[in-house]
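Coordinate analysis (summary)
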Amino acid sequence: MIEKPRWHNCSRIACTKIDKTKLVKTKGNKTMIAGAIALLLGSYLTFWPAPITPVVWHAPPAPGYTGTHAANRGLTTLQKIPLHNEFGPEHITIGPDNHLYLSVLSGRILRLSPDGAEQQVYAQTNGRPLGTAFDASHNLIVADAYKGLLSIAKDGTVTVLANEVQPNDPIRFADAVTIARDGTIYFTDASQRFVPKDHGGTNNAAILDVLEQSATGRVLAYSPATKQVRVVANGLSFANGIALSSDEQTLFVNESGRYRVWKIATTANAIDVQQPSPQAQILFDNLPGYPDNLMRGLDGKIWLGFAGQRDGLDAMAQYPALRKVVWRVPQALWIRPKNIGHVMAFTEDGTIVADLQDPTGNSPATTGATETADRLYIHNVDGNELGWLQK
């Protein structure tokens, strides 16, 4: 026998009404919970402390990949040298022994034969080495984002040349370096606001600086004779790659945060590039990506690498509060443009003579290029291989 349902002395209609009431209450509770979550999320995105104090700036409309930067596949045929357990060959210098010297994420400087078959650790900075250059005595001069300006002797001994401009004025983010024939070392301090070791590494510190747009990057000069540092120029939005002109009267400097390359006189003394000055002029403006390293090549060329493409930052230029909100969103949820590998070469008068791209989205961030007689090596900040092209 099938037992009849018991209604506990109430009609089906009454009981049905009670069930609907419970359902309405349940839906109401869910709505309240969702509303509370939305309120908390909104409060977090709006009011949670952020390390940046963004300022308004003007971002010109992105030019896209047209004209001299027309889309091409010049980097898609890169050959690769595995770096085994090393990661991020951000900068590559050719040594006096014709070997490659690579700055990698582990803090090491690697020494490679030109074909990559021989690899060894040349030195360990215990920081994050970025730009490098050899001086006349064959010491490797290193801009280390954590340690400052370093000199590495032939035996691998590391010496700190400078980690401050003067007392209470530290070098916070040493980035790129070039050396004049008289021994003067010119280098960039990418940001005076964000210290990589305090903000999760160079990538996070760079993102913070570019989001804020406070333009505290600067160009510095170190004199080996006096062991003093002077400020050449201030006011750059993430001061990055640096190279000397052939007559050594001019510095080419990448301003990554505003897509520009500057020409700055080596004799400049603490000028502010945001103010008109005959000692600072823009060579390239409104580039299609974030310019990173600059390297002297052959036949008067200077190679420039783009570490990334223009993104949603341009649309937020006039809205500082929105940039704070974006920082509070986990980076895993950020919408990022497809990565386009991209390097270009130009002459000192600003003529672009080469433009090479990888539009497949599979290229690591191309931070620069180092040219030899038979190869072009491509720097990258987020890969575990060294790419190169046969010339």
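Computed from a predicted structure; not experimentally measured.

A separate point is the overall build of the chain. From N to C terminus, the chain includes three helices and 27 strands. Here the chain holds 391 residues, and 50% of them are scored as buried. Carbon and sulfur atoms provide 55% of the accessible area of the chain, an area that totals close to 18,800 Å².

Next up on the list: the sheet that holds strand E5 (residues 119–124). Spatially, E2-E3-E4-E5 is the arrangement adopted by the four strands of the open sheet, whose pairing is antiparallel. Where the open sheet ends on each side, the last strands, each with one partner, are strand E2 (91–94) and E5. For this sheet, the mean inter-axis angle between neighbouring strands, taken without regard to orientation, is 25 degrees. Across four bridges, E2 lies against strand E3 (residues 100–103) in antiparallel orientation. Among the inter-strand pairings, Ile94 is bridged to a residue of E3, identified as Leu100.

This brings us to helix H3 (residues 320–328). All of the buried residues in H3 are Pro320, Arg323, Trp327 and Arg328. For H3, the buried positions fall inside an angular range of 145 degrees around the axis, keeping them on one side.

With that settled, consider the pairing of strand E27 (residues 385–390). Across four bridges, strand E1 (residues 79–82) lies against E27 in antiparallel orientation. Counterpart to Gln79 in the pairing with E27 is Trp388. As paired elements, strand E26 (residues 375–380) and E27 share four bridges and run antiparallel to each other. Among the inter-strand pairings, Leu376 is bridged to a residue of E27, identified as Leu389. If you look at the hairpin formed by E26 and E27, you'll find four residues sitting between the two strands.

Rules used throughout
Residues numbered from 1 in each chain as written. Predicted model: local features only at pLDDT ≥ 70, side-chain atom pairs only at ≥ 80, totals over all residues. Heavy atoms only, no water. Helix = DSSP H or I, 4+ residues; strand = E, 2+ residues; numbered from the N terminus. Buried < 20%, exposed > 50% of the residue type's maximum accessible area, 1.4 Å probe, protein only. Areas by Shrake-Rupley, 256 points an atom, 1.4 Å probe, with all protein chains shown as cover. Pairing = 2+ DSSP bridges. Axes fitted to C-alpha atoms, helices over the stretch in contact; angles between N-to-C directions. Arc of directions from axis to C-beta.

The analysis is restricted to geometry; functional conclusions fall outside its scope.
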